[in-house]
Amino acid sequence: MQVVTGAMGTLLPKLANLLTEEYKLQKNIRGEIMFLKAELESMEAALLKISKAPIDHPPDIQVKLWAREVRELSYDIEDSVDTFMVCVDTHMPTEAKPLSFRGFFEKTINLLTRAKIRHNIGTDIRNIKTRIKEVGERRDRYKVDIIDIKPLGPTIDSLRLSALYKRATELVGTGPTSLELVKRLLDEHEASTHKQLKIVSIVGFGGLGKTTLAKIVYEMLKGQFDRGAFVSVSLNPNMINIFSNMLHQLGNSNYEATWKEEQFIDELRKFLWDKRYFIVIDDIWNISVWEQIHYALIENERGSRIITTTRKLDVARQIGGVYQLKPLSLDDSRKLFYLRIFGVEDKCPPNELARVSENILRKCGGVPLAIITIASVLARQKGKENTHNYWSKVYQSMGSGLEDSSDVNDMRRILSISYYELPPHLKACLLYLSLYPEDYKISTEALIWKWAGEGFVRKEQGKAMYEVGEDYLEELVNRSMIQPEAIDSDETVTSFRVHDMVLDLITCLSNEDNFLTTLDGQRSIYLPNKIHRLSLQTSNEDDVKRLSTVSLSYVRSLTVSAKAFDLSPSLSSFPILRALDLSGCKQVVNQHFRDICNAFHLRYLGLHSTSITKIPKEIENLQFLQILDVSWTGIKELPSTFVQLQQLMYLCVDYQVRIPNGFGNLKYMQEMIGYIDVESPTMLHDLDGLIELRSINLRFDKWDKSYGKHVTRLLSNMVSLKHIELYGCNGDLDSQCDRLSPGPQQLQNIQLVCGIIHAVPRWMSSLSALSSLSIALQTLGEEDLQLLGSMPYLSSLSVKVAEQTQDREKKLAIGNVHPFRCLKMFCIRQTIEVAFAPGAMQNLITFHLAFELRQIMDQFGDPNFGLENLSSLVDVSVEMNCSKAMIGEVIYAEAAIKKAVNLNPKKPTLNLVKLLVDWTR
């Protein structure tokens with residue numbers, strides 16, 4: 001009972017939409033819908049309350065059954081509402097002329113059809129109302145709200161407490177980390193004075209050993225302090241108990257049980273005023289809780305120390321002194337594993353067991369809790385027959401729903417604390433990750449749009465759908481539920497992985513809630529009567545045949561792998577399909593796309609890397625489609641009917657795909673991957689309607705001198721734009737315009753590709769959020785430098801200069817008169833000479849320079865760029881074209897550049913490349 005609200009997150013807004021004039025429902029039906037909406041809101045509130053039950057006190061079985069029934073009911077209601085909306089929109093009047101016979105005939109048929117549809121929705125709603133009353137009566141009959149909830153098994157606190165009292169022989173791999181932490185706590189050079197209060201916040205994945213490490217360091221150092229205490233906070237803390245426990249451990253019994261929090265805080269501050277103390281605050285989940293505790297821990301300039309532990313990175317950052325705990329090394333993992341099974345850490349098992357154990361340890365990923373748990377499961381089989389078979393069985397089940405045992409269940413309960421604290425929509429987002437196989441590298445962009453297509457991403461005022469999804473992902477990273485894999489230059493996570501133990505957890509939770517059903521040839525699961533999300537990842541025909549025993553009419557999301565495609569049921573078996581992902585299935589051809597166009601409910605369609613070569617004109621049938629990915633296919637153009645997809649938010653196509661006229665009508669478009677070929681000013685004018693677009697790539701095959709003002713006008717209208725790439729832009733970009741109004745105030749990235757403009761446009765300096773710019777200029781002059789340097793948040797700049805300024809007799813100097821306050825990366829490819837004066841680009845970290853040596857030697861005789869004056873420089877990369885230079889000049893230039901780099905106080909690294917081809921041509 002994890003995603004307790006089922007489809008309610010999207011259902012309640014849809015019910016509200018049905019009450020609008022657009023659907024013209026009869027008065028009595030509107031009343032039924034209002035009743036339905038009120039009942040479901042009450043049910044949602046009750047389910048949310050139940051979902052917040054502590055993990056140690058799970059709801060009674062009657063509560064779970066009632067919650068499951070409500071969830072399934074919400075799915076059925078949404079299916080009915082969606083079917084009604086699809087039918088109404090499908091039979092909207094056409095654009096036929098009102099006086100023509102065809103127009104009269106179609107209007108009459110549509111009116112009759114829509115009347116029948118409204119009658120059907122009325123019948124459905126009355127049936128649903130009856131079911132809701134039955135569910136409510138059942139709830140009252142069995143009194144599910146007042147059932148006494150008793151803890152099952154040991155509490156989470158008692159399970160975590162065991163980490164504090166492990167034998168020293170079991171604490172494998174803690175030596176180096178504990179010494180490192182001690183050094184950080186006692187290193188007086190990190191503080192302005194050794195008497196300052198110092199805090200270290202240990203942060204990491206659940207089960208990584210944060211509590212154990214904190215306890216070890218506490219025992220090592222507490223003798224050096226006047227007073228010490230080790231207190232646990234946990235998810236739902238009782239602050240009175242925490243403060244009284246702290247006072248007791250500190251040796252102060254001068255308090256009363258009736259005291260309020262303020263009295264405890266005052267007493268703690270008075271007691272610690274003249275003492276050097278060492279306190280560990282373990283398992284902090286909320287910064288507000290830390291702030292309450294922090295009030296009591298007075299800064300008395302006696303060199304006191306505090307350790308905190310948390311799973312949340314943002315909490316650790318706000319506390320300060322972040323120490324990210326790393327997983328155990330493979331060697332330490334192996335020692336801990338064998339110690340738990342065989343009693344000694346240097347045991348050498350038979351080769352066949354050693355191979356399996358290495359695979360098991362790889363899946364445990366260095367998490368001590370996982371290693372100990374799996375080792376405990378295997379230890380029970382020690383000495384029995386078929387040990388190898390049993391170990392292999394456990395290995396195969398890891399990450400995909402481990403077999404039940406007390407140890408595994410205890411591990412899951414510890415790991416799941418982070419999960420139970422999530423709001424319902426984030427729970428759905430996390431459970432959806434059970435779709436992916438273990439060790440899968442998940443693309444951030446692809447996942448967020450899949451979340452959006454599934455209806456998990458909620459609309460938020462002032463934010464694009466993708467931005468909301470980014471917040472969701474950041475929160476899961478912050479809670480250590482997923483692990484970043486790749487991070488780009490602006491610290492955005494571009495891909496990530498799910499730890500195998502988290503995958504095991506969410507797979508079990510997903511199965512329990514009937515959230516996602518996966519057939520992959522490995523997981524042996526019971527197929528529910530109603531499948532809502534289906535993932536086919538197997539080539540085993542017997543596995544797929546199992547689907548014939550259940551109805552597929554409730555499936556709203558279908559993902560099929562290439563190896564499963566030929567065995568998958570026909571698309572007509574899924575009448576209410578909302579999300580379809582056939583990416584990578586080369587068997588998908590044009591005929592399949594024509595069939596897909598009959599799936600009227602589709603919101604998400606993924607056809608990446610398929611064999612499709614043409615989009616059928618019938619795609620206009622998909623009036624609810626929001627996300628479409630047809631990249632890496634043979635598609636060359638979009639049909640004219642494509643512009644009828646009024647709900648489309650995301651489009652990913654290959655760069656050579658032609659966009660039809662009227663593309664600007666897609667007013668909800670937020671993201672487009674691919675180029676728009678501009679053939680006339682009219683096309684630019686047509687794009688004015690894309691006011692929600694966040695990214696656009698425009699390609700000009702033939703530049704017209706009038707394009708400059710049209711591009712400027714377009715940018716002024718695109719208020720949501722964050723990225724723009726202009727391919728083939730030449731000449732003038734209306735540089736006389738000082739600012740864009742209202743303009744894309746969120747624009748962060750401008751790329752001018754395969755084109756050369758006369759000067760830096762003046763309006764660029766008005767883009768307050770611009771952080772990255774790539775530009776090719778005819779010449780680079782003082783005014784250009786002033787404009788570029790005045791951009792307040794520009795952090796990455798790439799400039800290519802086509803020719804030197806006429807009659808220039810001296811180097812173009814960049815100094816402290818050109819602020820470049822935030823610039824960290826600067827790349828210049830030039831035919832002119834620049835030099836950095838003292839105080840230039842004070843935050844520059846990376847510098848890349850490309851130049852022709854012969855030209856520099858002829859003009860100045862000395863390749864001196866003033867690299868020694870860049871005070872923050874870390875990396876220098878130089879491409880020196882030597883095609884026309886003599887050997888002696890090359891040697892001299894190389895020595896001069898190395899000397900300048902060595903004179904730099906930061907001693908940056910140098911990567912010097914000598915080219916023999918003339919790249920300036």
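Scroll up to find the structure this text is about.
Rules used throughout
Residues numbered from 1 in each chain as written. Predicted model: local features only at pLDDT ≥ 70, side-chain atom pairs only at ≥ 80, totals over all residues. Heavy atoms only, no water. Helix = DSSP H or I, 4+ residues; strand = E, 2+ residues; numbered from the N terminus. Buried < 20%, exposed > 50% of the residue type's maximum accessible area, 1.4 Å probe, protein only. Contact = heavy atoms within 4.5 Å. Areas by Shrake-Rupley, 256 points an atom, 1.4 Å probe, with all protein chains shown as cover. Polar contact = N/O pair within 3.5 Å; in protein donor to acceptor, adjacent residues only side chain to side chain. Pairing = 2+ DSSP bridges. Axes fitted to C-alpha atoms, helices over the stretch in contact; angles between N-to-C directions. Salt bridge = Lys/Arg side-chain N within 4 Å of Asp/Glu carboxyl O. Core = buried A, V, L, I, M, F, W, Y, C linked by side-chain atoms within 4.5 Å.

Novice: Go over the overall build of the protein, please, and point to the residues and values.
Specialist: For the protein, the helix and strand inventory stands at 29 helices and 28 strands. Taken over 921 residues, the protein has a buried fraction of 53%. Look at the contacts in the protein between residues 6 or more apart in sequence, and 63% of them connect residues 24 or more apart. Summing over all exposed atoms, the protein offers an accessible surface of approximately 41500 Å²; the carbon and sulfur share of this is 51%.

Novice: An account of the environment of Leu 73 is needed here, citing residue identities and associated values.
Specialist: Mapped onto the fold, Leu 73 is located in helix H3 (residues 61-90). In this structure Leu 73 comes out as buried when scored by relative accessible area, which is 1%. Counting along the chain gives 55 residues from Leu 73 to Ile 128, while the straight-line C-alpha distance between them is 8.1 Å. Apart from the residues within four sequence positions on either side, Leu 73 is in contact with Ile 128, Arg 131, Ile 132 and Val 135.

Novice: Summarise the side chain of Ser 568; cite the residues concerned and give the values.
Specialist: Along the polypeptide, Ser 568 turns up in the loop between helix H23 (562-565) and strand S12 (579-581). The exposure class of Ser 568 is buried, given its relative accessible area of 19%. A distance of 2.7 Å separates a polar atom in the side chain of Ser 568 from the backbone oxygen of Phe 565. Once residues within four sequence positions are removed from consideration, Ser 568 is found in contact with Leu 536 and Val 560.

Novice: Account for the sheet that holds strand S1 (residues 198-203), with residues named and values stated.
Specialist: Two strands in a sheet stick together by hydrogen bonds in their backbones, pointing the same way (parallel) or opposite ways (antiparallel). In spatial order, the strands read S2-S3-S4-S1-S5; together these 5 strands make up an open sheet with parallel pairing. The open sheet is flanked by strand S2 (227-232) and strand S5 (322-324), the only strands paired with a single partner. Looking at each pair of strands side by side, their axes are set apart by 15° on average, direction ignored. Bridge count for S1 against strand S4 (residues 305-310) is 6 bridges, and the pairing is parallel. When the sheet's bridge partners are listed, Ile 202 is paired in S4 with Thr 309.

Novice: Residues and numbers for the sheet that holds strand S27 (residues 875-881), please.
Specialist: In spatial order, the strands read S17-S18-S19-S20-S21-S22-S24-S26-S27-S28; together these 10 strands make up an open sheet with parallel pairing. The sheet is open, and its two edges are formed by strand S17 (675-678) and strand S28 (909-915), each paired on a single side. On average, each strand axis in the sheet is inclined to that of its neighbour by 15°, with strand direction left out of account. Where strand S20 (residues 749-753) meets strand S21 (residues 772-777), 3 bridges bridge the pair, whose relative direction is parallel. What sits directly across from Gln 751, in S21, is Ser 774. Sitting on the sheet, helix H29 (residues 887-903) is in contact with strand S26 (846-852), S27 and S28, with an inclination near 165° to S28.

Novice: Lay out helix H18 (residues 424-431) in plain terms, naming residues and giving numbers.
Specialist: Counting buried positions along H18 yields 8 of 8 residues, so the element is predominantly enclosed. Of the residues making up H18, those classed as buried are Pro 424, His 425, Leu 426, Lys 427, Ala 428, Cys 429, Leu 430 and Leu 431.

Novice: I'd like a description of the pattern of salt bridges, backed by residues and values.
Specialist: Overall, the coordinates contain 21 salt bridges when judged by the stated rule. Between Glu 358 and Arg 334 there is a salt bridge, and its shortest N-O distance comes to 2.9 Å. Within this pair, whereas Glu 358 is found in helix H13 (residues 351-364), its partner Arg 334 is found in helix H12 (residues 330-342), the two being separated by 24 residues in sequence. In this structure Glu 358 comes out as partly exposed when scored by relative accessible area, which is 27%. Between Lys 898 and Glu 894 there is a salt bridge, with its nearest N and O atoms 3.2 Å apart. With Lys 898 and Glu 894 both in helix H29, this residue pair falls 4 residues apart, about one helical turn.

Novice: I'd like a rundown of the side chain of Thr 309, residues and numbers included.
Specialist: With respect to the helices and strands, the residue Thr 309 is situated in strand S4. Since its relative accessible area comes to 1%, Thr 309 is described here as buried. A polar side-chain atom of Thr 309 sits 2.4 Å from a polar atom in the side chain of Asp 282. There is a polar contact of 2.7 Å between the side chain of Thr 309 and the backbone nitrogen of Asp 283. Setting aside anything within four residues of it in sequence, one finds Thr 309 in contact with Ile 202, Lys 210, Ala 214, Ile 281, Asp 282, Asp 283 and Ile 284.

Novice: Which residues make up the nonpolar core, and what values do they have?
Specialist: One finds Phe 663 and Phe 826 to be the most contacted residues of the largest nonpolar core, which totals 121 residues. The biggest single contributor to this core is H29, with 5 residues. Sequence-distant contacts of Phe 663, that is, excluding residues within four places in its chain, are made with Phe 642, Val 643, Leu 651, Met 669, Met 672, Ile 676, Asp 686, Leu 687 and Leu 690. Among the nonpolar cores identified, the runner-up in size contains 90 residues, and Phe 225, Phe 337, Ile 341 and Tyr 436 belong to it.

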